[in-house]
Amino acid sequence: MRLLLLNGPNINLLGQREPGLYGHQTLPDIETCLRDLARAAEVQLETFQSNFEGALVERVHEAMGSVDGILINAGAYTHTSIALRDALLGVAIPFVEVHLSNTHARETFRHHSYLADCALGVVCGFGAFSYTMAFDGLVNYLRGAKA
C-alpha cells in the first residue's frame, strides 16, 4: 500500500507559526511520526508540501495510478480551492482531510471546506495527533476494515 501525505500553505511554518493554536511540533516531526507508523504498518509513505496551489494540484495528478490513498492538510486552500477539489475528484483516489485545529471553532470563513464532502473523513482539532488518526483511518479503510 502506498500513501501520499500532502500539506498546503504555511504548514512548513509549524512549530513557529502561532504555536498556541498549532502546537510546537514541526512538519518534519509530523512526517517522522507518520513514517514510523507507515513502517510498522508496512505502508509506503510519500510526503509533499507546497505553498502553491498549482504545485499541489500537479502532485495530486502525479499520484494517479501510483498511490492508494491521500492524507491532505490543504491549509487555507481547504476553504478556497475548487481546483484542488477537482483534482482530487479527477484522480479518484480515496483521501482524508486533516487539520491541526478545530476549524469549526474558528473564524466563520474556515467553517466551509471544498474537500470535506468528497473525503472519506475529516479529522480536526487534535493537533499533530490528527495526522495519526487520519493515517489509521485511511489505512483501515484501504485494508477493508469494517467499523
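Note that the structure is a prediction, hence the values are computed from the model and not measured.

(A) Region of interest: the pairing of strand 1 (residues 2-7). Burial analysis of strand 1 places five of its six residues in the buried class, which makes it a mostly covered element. One ladder, built from six bridges, connects strand 1 with strand 2 (residues 44-49); its direction is parallel. In the strand pairing of strand 2, Leu4 is matched with Glu46.

(B) Just the layout of surface pockets, in detail. Considering only enclosed or pocket space, the largest pocket measures out at about 150 Å³ in volume. Taken together, 15 residues make up the lining of the largest pocket; nearest its centre are Tyr22, Asn73, Gly75, Ala76 and Arg110. Of the residues assigned to the lining of the largest pocket, the class counts are five nonpolar, seven polar and three charged.

(C) Structural view of the sheet that holds strand 1. An order of 2-1-3-4-5 is seen for the five strands of this open sheet, with the pairing classed as parallel. Two strands close off the open sheet at either side, each with one partner strand: strand 2 and strand 5 (121-124). Each strand of the sheet is rotated relative to its neighbour by a mean of 20°, with strand direction disregarded. Along the sheet, helix 3 (residues 53-63) contacts strand 1 and strand 2; its crossing angle with strand 1, the most-contacted strand, is approximately 175°.

(D) Fine view of the packing of helix 2 (residues 27-40) against helix 5 (residues 129-142). Between helix 2 and helix 5, whose axes approach to 10 Å, the crossing angle comes to 30°. Considering the angle they form, helix 2 stands roughly parallel to helix 5. Relative to helix 5, helix 2 is oriented so that their crossing is right-handed. Of the residues in helix 5, those in contact with Ile30, Cys33, Leu34, Leu37 and Ala38 of helix 2 are Tyr131, Thr132 and Phe135. Its residues assigned to classes, the contact of helix 2 with helix 5 shows seven nonpolar, one polar and no charged.

(E) How the structure looks around the packing of helix 3 against helix 4 (residues 82-91). For the pair helix 3 and helix 4, interaxial distance at closest approach is 9 Å and the crossing angle is 5°. Between helix 3 and helix 4, the interaxial angle falls into the category roughly parallel. Note on element contacts: helix 4 touches helix 3 through Ala83, Leu84, Ala87, Leu88 and Val91, opposite Glu53, Leu56, Val57, Val60 and His61. Class assignment for the residues of the contact of helix 3 with helix 4 results in eight nonpolar, one polar and one charged.

(F) Highlighting the nonpolar core. Counting residues in hydrophobic clusters, the biggest one holds 23 residues, and the most contacted among them are Leu34, Leu71, Tyr131 and Phe135. Going through the elements one at a time, strand 1, helix 2, strand 4 (95-99) and helix 5 are the ones with two or more residues in this core. Per-element accounting of this core gives the leading share, five residues, to helix 5. Discounting residues that sit within four places of it in the chain, Tyr131 has contacts with Leu5, Asn7, Ile11, Ile30, Leu34, Asn73, Val98 and Leu100. Counting 19 residues, the second largest nonpolar core, distinct from the first, contains Leu56, Val60, Ile70 and Val91.

What counts, and where the lines are drawn
- Residues numbered from 1 in each chain as written.
- Predicted model: local features only at pLDDT ≥ 70, side-chain atom pairs only at ≥ 80, totals over all residues.
- Heavy atoms only, no water.
- Buried < 20%, exposed > 50% of the residue type's maximum accessible area, 1.4 Å probe, protein only.
- Helix = DSSP H or I, 4+ residues; strand = E, 2+ residues; numbered from the N terminus.
- Pairing = 2+ DSSP bridges.
- 1 Å grid on protein atoms, 1.4 Å probe; cavity = no way out; pocket = protein on both sides within 12 Å on 5 of 7 lines; lining within 4 Å.
- Points joined across faces, edges and corners; volume = space filled by probe spheres on them.
- Nonpolar A, V, L, I, M, F, W, Y, C, P; charged D, E, K, R; others polar.
- Axes fitted to C-alpha atoms, helices over the stretch in contact; angles between N-to-C directions.
- Contact = heavy atoms within 4.5 Å.
- Parallel < 35°, antiparallel > 145°, perpendicular 65-115°, else oblique.
- Left-handed = near helix turned anticlockwise from the far one by under 90°.
- Core = buried A, V, L, I, M, F, W, Y, C linked by side-chain atoms within 4.5 Å.

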